[in-house]
Every structure is written in structure tokens, then in C-alpha cells.
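Residue strings, one per chain:
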Amino acid sequence: QVQLVESGGGLVQPGGSLRLSCAASGIIFSISRMGWYRQAPGKQRELVATITSTGITNYADSVKGRFTISKDDAKNTVSLQMNSLKPEDTAVYYCNAGVYLDPVRYHEVWGQGTLVTVSS
């Protein structure tokens, strides 16, 4: 009913930048929050950054000052600008959204993931 489609992953050198985008589509009454999580090989999925419907942001300590999350309510999109990338940022990045299909039904939705590789 609701799909998240990510784009923007790829290979980048240490110190470089990438911008991830995620678009939500389907039956959407409202979106309470959107965010990005990542999972590195052999590790658990972890929060990277989230943004609420009112624009309140939250970042993992490891990315504060380097990553910026933003949203476009008109397009139901969320973006993650990643600067000063480090090899330890290498992971599959997943878009996540808390979506109301109507005033009552709430769904947690995940994208398929996009790979970010930081390597020289």
C-alpha cells in the first residue's frame, strides 16, 4: 500500500559526499516521521537520522556535524546529505517512515536499501 524508494547510493572516496533520497508513494494520509538507518556487514541495523512531521531532527552521534536530514512534505520525500564520509560509513542505508493510511491505521514502512561504499 505504501512504498519507499531510495536512490543516491554508490562508491565515494573518504572525505567525499553523497546525497540519498527516498520517496514515499501509495495511500498516504499523513507521515509522522521519516528517517534513515544503516546496516554494515556483520552488524545490527542502526539509526542514522530521523525527522518528524514538525521538523524535529535526531542524529546518531557518529554522524552529527557531517550528515543532514531534510524533507519535502509536498513530495513525501526525505533526503540525507552525507559529507566528510568515512570508511566506517560503509553500509546499506534504509529509508524508514511512519505512515498513517487514514486517521487510525499506522504502518511502519521500510525501503529496499541502497549501498553506500566509502573507499579509496
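Residues numbered from 1 in each chain as written. Predicted model: local features only at pLDDT ≥ 70, side-chain atom pairs only at ≥ 80, totals over all residues. Heavy atoms only, no water.

**Student:** Got a minute to help me understand the overall build of the protein in this structure?
**Tutor:** When you go through the protein residue by residue, the secondary structure sums to zero helices and 11 strands. The helix and strand sequence of the protein, counted from the amino end, reads β-β-β-β-β-β-β-β-β-β-β. The burial tally for the protein puts 40% of its 120 residues in the buried class. Restricting to contacts in the protein with at least 6 residues of sequence separation, those with at least 24 account for 55%. (Helix = DSSP H or I, 4+ residues; strand = E, 2+ residues; numbered from the N terminus. Buried < 20%, exposed > 50% of the residue type's maximum accessible area, 1.4 Å probe, protein only. Contact = heavy atoms within 4.5 Å.)

**Student:** Mind showing me how you'd approach the sheet that holds strand S8 (residues 77-82) here?
**Tutor:** The strands making up a sheet associate through backbone hydrogen bonding, with each pair oriented either parallel or antiparallel. The strand order across the open sheet built from four strands is S1-S3-S8-S7, with neighbouring strands paired in antiparallel fashion. On the outer flanks of this sheet lie strand S1 (2-7) and strand S7 (67-72), each paired with one strand and no other. Going across the sheet, the axis of each strand differs from the next one's by a mean of 15°, ignoring polarity. Sheet topology places S7 next to S8; six bridges connect them, and they run antiparallel. Among the inter-strand pairings, threonine 68 is bridged to a residue of S8, identified as glutamine 81. (Pairing = 2+ DSSP bridges. Axes fitted to C-alpha atoms, helices over the stretch in contact; angles between N-to-C directions.)

**Student:** It is not clear to me how the state of the cysteines should be interpreted in this structure. Could you clarify?
**Tutor:** Each disulfide is one covalent bond, formed between the sulfur atoms of two cysteines. Tallying each qualifying case throughout the model produces one disulfide. Between the sulfur of cysteine 22 and that of cysteine 95 lies a disulfide, 2.1 Å long from S to S. Its S-S torsion of approximately -85° makes the covalent link between cysteine 22 and cysteine 95 left-handed. Placement of cysteine 22 in strand S3 (residues 18-26) and of cysteine 95 in strand S9 (residues 91-100) is noted, with a sequence separation of 73 residues between them. Neither cysteine 22 nor cysteine 95 differs from the other in exposure class; each is buried. (Disulfide = S-S within 2.5 Å.)

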